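Residue-level listing of the chains:
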2 protein chains.
Amino acid sequence: MSSDPAPAIAVSTVIFGLRAIERSEHVVLSLPLVKRVREPYLGRWALPGGPLAATESLREAARRNLRATTGLDPKHLEQLYTFGAVERSPVDRVVSIVYWALVRTDEADRARIGENVRWFAADALPQLAFDHDEIVGWALKRLRNKVEYTRIAHALLADEFTLADLREVHEAILGRRLDPANFRRRIEATGTVEATGRHLEGGRHRPPALYRSTAQKELLL
Amino acid sequence: MSSDPAPAIAVSTVIFGLRAIERSEHVVLSLPLVKRVREPYLGRWALPGGPLAATESLREAARRNLRATTGLDPKHLEQLYTFGAVERSPVDRVVSIVYWALVRTDEADRARIGENVRWFAADALPQLAFDHDEIVGWALKRLRNKVEYTRIAHALLADEFTLADLREVHEAILGRRLDPANFRRRIEATGTVEATGRHLEGGRHRPPALYRSTAQKELLL
DNA sequence: TCAAAAGTGTTAATCCTACACCCATGG
DNA sequence: CCATGGGTGTAGGATTAACACTTTTGA
């Protein structure tokens, strides 16, 4: 045992949302980052995060932090991993418990964005502070994996959506096109969506049916 | 923010091994527990664990701890989850980063077992201290899940093994019998094992071929 | 009436499971 | 030569991927 001070605990979050791309109909998987205003890594972009208060749970800390820095309220919030390498911060020993979150597209646009907070496309990130590049890599891997066998994609959409919307989410996350016919059948087979009976009018073509996520278990927590 | 002291960090491990069952040819998934020698939960069984030293990584802490309490050297060691509910310890605020480990059957028998350390069958555990019941539940779920799509089962076996050995491991973890023919084909198709060319002599019947795990990536870390 | 997305149908390839069957060994 | 686990073969069902085809709308 040494006489070094005890390691500090921090909680950070990787927040994913879909953002419309300029002069395009596509959306791209994005995340908000905050610019560091002090050393170390002054001026670098980093994940939102902060210390764990003695009276809050890890999840509460993640939610509070996320709210404070971006004003966002996630629809999905889940623990990712805990990073504790000795040298991950050049100045002090910090163990970071990292959560990842999904926010609805329509809410992501309302996010409080200032000088020091900005959205970045997930496939075009700057070099981040600390080991945050590695952390985002983990989060992306987990997201891509989970979208295949859970209903988390719903957490990125509003209450009502078309199957094309849902497919677009999957495509943005996976980074490849999916066959609309097979996608439809696959989703219908899972029973995670149900038709609302309404249709989305005003499109350029045949109006698609609107669906909602079937109420089931917690998606939020 | 409050003026309460900062939460403490602990690292705990769930260690799985296969143990022969008395007067039976079967093995059963088991884990070593330590009896608490102080309050809170004095006398209750608990997971091995201890504080994180300032100069060691989380993984190193897990490995050191595991060595100190059981004398075991795990063949697989992986972070499970971090537990940080405010009330999980009745006396102080502790955030526990939990790892889970697999040890080889032949080494598990050599484990240093004393008055305060004992193996328990995973499906017949006593009531544990703190939230350790919940933690073991998580670990079991993860193990059962991972055995289906990774080669972790190899970490429970010696260097050379028969497919029946490997199948026995899968069966002990999953808690159900598997078709030997289909199991063989499934494993062969993954390319995770290769025949050594040798056979296990001295059995009561046709001598089965011996296999080894194909060298690939780290299984240990 | 045309373009394009919504939605349905079909087929072939693949994978999984159950189970029949042969092989090799100790007793 | 028999019981038993080792090991191979195979047929049917389920799942998947590719793509042709029909429907419905706005322009």
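The shown structure was predicted, so the numbers you read here are calculated from the model rather than taken from an experiment.

**With respect to the nonpolar core**
Phase 1: Ranked by internal contacts, the top residues of the largest apolar core, which has 116 residues, are V14, F16 and L166 of chain A together with V14, F16 and L166 of chain B.
Phase 2: The contacts of L166 of chain A, once residues within four sequence positions are left out, are A153, H154, L157, F161, F183, I187 and V193 of chain A.

**Notes on the protein's contact with DNA strand D**
Phase 1: If you check the shell around DNA strand D, you find 18 residues, and the closest are N182, R204 and R206 of chain A together with R184 and R185 of chain B.
Phase 2: Restricting attention to atoms of DNA strand D within 4 Å of the protein, one finds that 59% of them are sugar or phosphate atoms.
Phase 3: Between DNA strand D and N182 of chain A, the relevant distance is 2.8 Å, taken from a base nitrogen to a side-chain nitrogen or oxygen of the residue.
Phase 4: Here a base nitrogen of DNA strand D sits 3.1 Å away from a polar atom, N or O, in the side chain of R206 of chain B.
Phase 5: Within the residue set of the surface near DNA strand D, elements represented by two or more residues are α5 (180–190) of chain A together with α4 (163–174) and α5 (180–190) of chain B.
Phase 6: Tallied by class, residues from the surface near DNA strand D come to six nonpolar, four polar and eight charged.

**Some details on the interface of chain B and chain A**
Phase 1: In this assembly, 25 residues from chain B lie in contact with 27 residues from chain A.
Phase 2: Overall, the association of chain B and chain A removes approximately 1,900 Å² of surface from exposure, summing both partners, and the carbon and sulfur fraction of that is 65%.
Phase 3: Viewed at the interface, chain A and chain B are joined by zero salt bridges.
Phase 4: Our count for the contact surface shared by chain B and chain A stands at nine residue pairs in polar contact (both at pLDDT 80 or more).
Phase 5: Looking at the side of chain B that touches chain A, the elements that each hand over two or more residues are β1 (8–20), α1 (58–70), β5 (76–83) and β6 (94–102) of chain B.
Phase 6: The element that contributes the greatest number of residues to the side of chain B that touches chain A is β5 of chain B, accounting for four residues.
Phase 7: Classifying every residue of the side of chain B that touches chain A gives 15 nonpolar, six polar and four charged.

What counts and what doesn't
- Residues numbered from 1 in each chain as written.
- Chains lettered and ligands numbered in written order.
- Predicted model: local features only at pLDDT ≥ 70, side-chain atom pairs only at ≥ 80, totals over all residues.
- Heavy atoms only, no water.
- Core = buried A, V, L, I, M, F, W, Y, C linked by side-chain atoms within 4.5 Å.
- Buried < 20%, exposed > 50% of the residue type's maximum accessible area, 1.4 Å probe, protein only.
- Contact = heavy atoms within 4.5 Å.
- Near = heavy atom within 4 Å.
- Polar contact = N/O pair within 3.5 Å; in protein donor to acceptor, adjacent residues only side chain to side chain.
- Helix = DSSP H or I, 4+ residues; strand = E, 2+ residues; numbered from the N terminus.
- Nonpolar A, V, L, I, M, F, W, Y, C, P; charged D, E, K, R; others polar.
- Buried area = accessible area lost by both parts, 1.4 Å probe.
- Salt bridge = Lys/Arg side-chain N within 4 Å of Asp/Glu carboxyl O.

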